[in-house]
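So the chains spell out like this:
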Amino acid sequence: MNSEQTSSARTGADLLASAPRRAIVDALRCHGIGEGEVDVGGMTAGQLADALGLHPTTVRFHTDRLEAAGIIRSHLTTMFGVGRPRKVYAVADDEPEDDRTTYLVRLLQLMTESFNTGATPEEAGERWARHHLILTATSPAASPGSWLSKLGPLVDVLQDWGYLPELTTTEGGRTCLITLTDCPFIDLARDNPAVVCGIHEGLVRGALHQLGEDDVAVSVTPFARPNQCDVQIKTHQPFDKHHEESLDESRQPDPTGPDLGSPVLHQDGGQRRPAQPAQEGRPRG
């Protein structure tokens with residue numbers, strides 16, 4: 001993010017520290033159309049006031065500031081059919097063309113949760129992963145290959161958060177290093193590395209929990225290089241040695257060798273295999 005986006009991020013974090021403003025954003029995000037209702041693309045101040053038990057003037061006071069920060073948007077509609085056009089509000093990250101806004105609002109929500117609930121950033125990130133990610137939990141990985149298969153969905157999650165992850169493994173596949181380049185929150189992270197990187201550490205740990213991997217160590221190194229952070233993940237789950245030995249045995253040649261036929265008894269008493277047909281194109285001795 002540039003300096004203007006960073007300033008917007010700070011403003012957004014301050015705004016979402018207010019309980020009524022968080023309630024407004026949550027109500028807009030969860031808003032659905034009931035049977036027989038007109039879909040106007042959001043909620044009016046009056047509808048928000050009824051849903052939250054606030055005065056419409058109070059709602060407008062908060063929506064003006066949320067809209068100025070780019071957290072919500074508004075438009076006028078005549079779809080109600082009577083009176084003058086009404087202003088309708090919706091969450092800005094509903095706009096698919098602005099992915100960066102989606103990432104920013106998502107992070108701001110977790111920062112606000114961390115500040116207001118007393119949770120650590122890691123706990124906030126892990127809680128988000130457990131509540132929002134739809135991943136299939138399977139038995140803990142028992143081999144390097146199965147462990148690597150657990151990391152694939154995690155890479156997808158990080159891409160969904162706006163990163164460009166690259167993965168390498170060491171220690172026989174037990175330790176994985178994921179490099180995150182071009183962080184969409186890089187300027188905010190420079191000012192608040194413990195918060196921003198802590199949220200992402202919790203996100204990784206929570207995603208692995210959803211995949212059935214709890215016995216892991218996760219550490220984030222902010223700015224290991226310019227514009228790059230490193231996430232190291234190590235599984236403490238014992239790998240199945242029998243499985244590994246089976247793989248090694250499967251690579252060994254068959255000790256019986258190919259079937260060359262029954263041995264033939266020669267006059268000298270020795271046993272020799274029958275001569276094999278000469279290959280085409282090769283002279284016979």
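All values reported here derive from a predicted model rather than from experimental measurement.

Draft legend 1. Quick look at the environment of Thr 138. Checked against the element boundaries, Thr 138 lands in the loop between α6 (121-132) and α7 (144-160). C-alpha of Thr 138 to C-alpha of Glu 213: the two residues are 75 residues apart in sequence and 8.3 Å apart in space. Not counting chain neighbours up to four residues away, the residues in contact with Thr 138 comprise Lys 150, Leu 211 and Gly 212. Among the polar contacts made by the side chain of Thr 138, one reaches the side chain of Lys 150 at a distance of 3.2 Å.

Draft legend 2. Quick look at the packing of aromatic side chains. Counting across every chain of the model gives one aromatic pair. Relative to Trp 161, the ring of Trp 128 lies with its centre 5.2 Å away and its plane at 85°, an arrangement referred to as edge-to-face. In this pair, Trp 128 sits in helix α6 while Trp 161 sits in the loop between α7 and β4 (164-170), placing the two residues 33 residues apart along the sequence. Each of the two residues, Trp 128 as well as Trp 161, counts as buried. When the ring centre of Phe 239 is taken as reference, the NZ or CZ atom of Arg 174 above it lies at 4.1 Å.

Draft legend 3. Looking closely at the side chain of Glu 126. Examined against the element boundaries, Glu 126 turns out to sit in helix α6. On the basis of relative accessible area, Glu 126 is assigned to the buried category, the value being 18%. In contact with Glu 126, not counting residues within four places along its chain, are Gly 202, Leu 203, Arg 205 and Gly 206.

Draft legend 4. Region of interest: the packing of helix α3 (residues 45-52) against helix α4 (residues 56-68). The interhelical angle for the contact between α3 and α4, taken along N-to-C directions, is 110°, at an axis separation of 8 Å. With respect to α4, the axis of α3 lies roughly perpendicular. Handedness of the α3/α4 crossing: right-handed. Between α3, through Ala 45, Leu 48 and Ala 49, and α4, the contact on the second element is made entirely by Pro 56, Val 59, Arg 60 and Thr 63. Residues that form the contact of α3 with α4 fall into these classes: five nonpolar, one polar and one charged.

Draft legend 5. Spotlight on α7. For α7, which comprises 17 residues, the first-to-last C-alpha distance of 25 Å matches the rise-based estimate of 24 Å (1.5 Å per residue) to within 8%. Taken residue by residue, α7 has Trp 147, Lys 150, Leu 151, Leu 154, Val 155, Val 157 and Leu 158 as its buried positions. End-on, the buried residues of α7 take up no more than an arc of 155°, which puts them together on one face. Packing partners of the buried residues in α7 comprise β4, β5 (175-181), α9 (193-210), β6 (216-225) and β7 (228-235). Residue Gly 162 follows α7 closely and has a positive phi angle near 100°.

Draft legend 6. Expanded view of the sheet that holds strand β1 (residues 43-44). Ordered in space as β1-β3-β2, the three strands form an open sheet in which the pairing is antiparallel. The two strands at the open ends of the sheet, each matched to only one other strand, are β1 and β2 (72-77). Pairing between β1 and strand β3 (residues 86-91): two bridges, direction antiparallel. Of the residues in β3, the one forming a bridge with Met 43 is Tyr 89. The sheet strands contacting helix α2 (residues 19-30) are β1, β2 and β3, and the helix crosses β3 at an angle near 90°. Sheet strands in contact with α4 are β2 and β3, and its direction is about 115° off that of β2.

Rules and cut-offs
- Residues numbered from 1 in each chain as written.
- Predicted model: local features only at pLDDT ≥ 70, side-chain atom pairs only at ≥ 80, totals over all residues.
- Heavy atoms only, no water.
- Helix = DSSP H or I, 4+ residues; strand = E, 2+ residues; numbered from the N terminus.
- Contact = heavy atoms within 4.5 Å.
- Polar contact = N/O pair within 3.5 Å; in protein donor to acceptor, adjacent residues only side chain to side chain.
- Phe/Tyr/Trp six-rings, centres within 6.5 Å; stacked < 30°, edge-to-face > 60°.
- Buried < 20%, exposed > 50% of the residue type's maximum accessible area, 1.4 Å probe, protein only.
- Lys NZ or Arg CZ within 6 Å of the ring centre and 35° of its normal.
- Axes fitted to C-alpha atoms, helices over the stretch in contact; angles between N-to-C directions.
- Parallel < 35°, antiparallel > 145°, perpendicular 65-115°, else oblique.
- Left-handed = near helix turned anticlockwise from the far one by under 90°.
- Nonpolar A, V, L, I, M, F, W, Y, C, P; charged D, E, K, R; others polar.
- Expected span 1.5 Å × (residues − 1).
- Arc of directions from axis to C-beta.
- Pairing = 2+ DSSP bridges.

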